[in-house]
Amino acid sequence: MDKKDIIIFTAIVLLTALSLYRRYAARKKKEGGMSGGVTQKDNTLTGQPDDYEPYSGKK
């Protein structure tokens, strides 16, 4: 195989993988499986902001 053939084969494989991934992501988004990076608010104590400032001089 020539260098040109290897480059073409690699490009075809990458384009095929990208196409399959886009189809997979679209299907998951339609099903509600992917949140799209949106974080959900946590209402537990660990989700609350910490107001403690150790060197502020306040008690």
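For the structure, check the block above.
Residues numbered from 1 in each chain as written. Predicted model: local features only at pLDDT ≥ 70, side-chain atom pairs only at ≥ 80, totals over all residues. Heavy atoms only, no water.

**A closer look at the overall build of the chain**
Line of reasoning, step 1. Counting its regular elements, the chain contains 1 helix and 0 strands.
Line of reasoning, step 2. Classification of the 59 residues of the chain by burial places 2% in the buried group.
Line of reasoning, step 3. On the chain, roughly 6400 Å² of surface is accessible, and the fraction owed to carbon and sulfur atoms is 58%. (Helix = DSSP H or I, 4+ residues; strand = E, 2+ residues; numbered from the N terminus. Buried < 20%, exposed > 50% of the residue type's maximum accessible area, 1.4 Å probe, protein only. Areas by Shrake-Rupley, 256 points an atom, 1.4 Å probe, with all protein chains shown as cover.)

**A word on a nonpolar patch on the surface**
Line of reasoning, step 1. Together, Met1, Ile6, Phe9 and Val13 make up an exposed nonpolar region whose accessible area comes to about 460 Å².
Line of reasoning, step 2. Structurally, the position occupied by isoleucine 6 is in helix H1 (residues 3-31).
Line of reasoning, step 3. Residue isoleucine 6 is classed as partly exposed on the basis of its relative accessible area of 44%. (Patch = residues over 30% accessible without salt bridge, like charges linked within 9 Å, V, L, I, M, F, W, Y side chains within 5 Å. Salt bridge = Lys/Arg side-chain N within 4 Å of Asp/Glu carboxyl O.)

**Thoughts on H1**
Line of reasoning, step 1. Its 29 residues give H1 an end-to-end C-alpha distance of 42 Å, which sits within 8% of 42 Å, the value for a rise of 1.5 Å per residue.
Line of reasoning, step 2. Of the residues one or two after H1, glycine 32 is the one with positive phi, at around 90°. (Expected span 1.5 Å × (residues − 1).)

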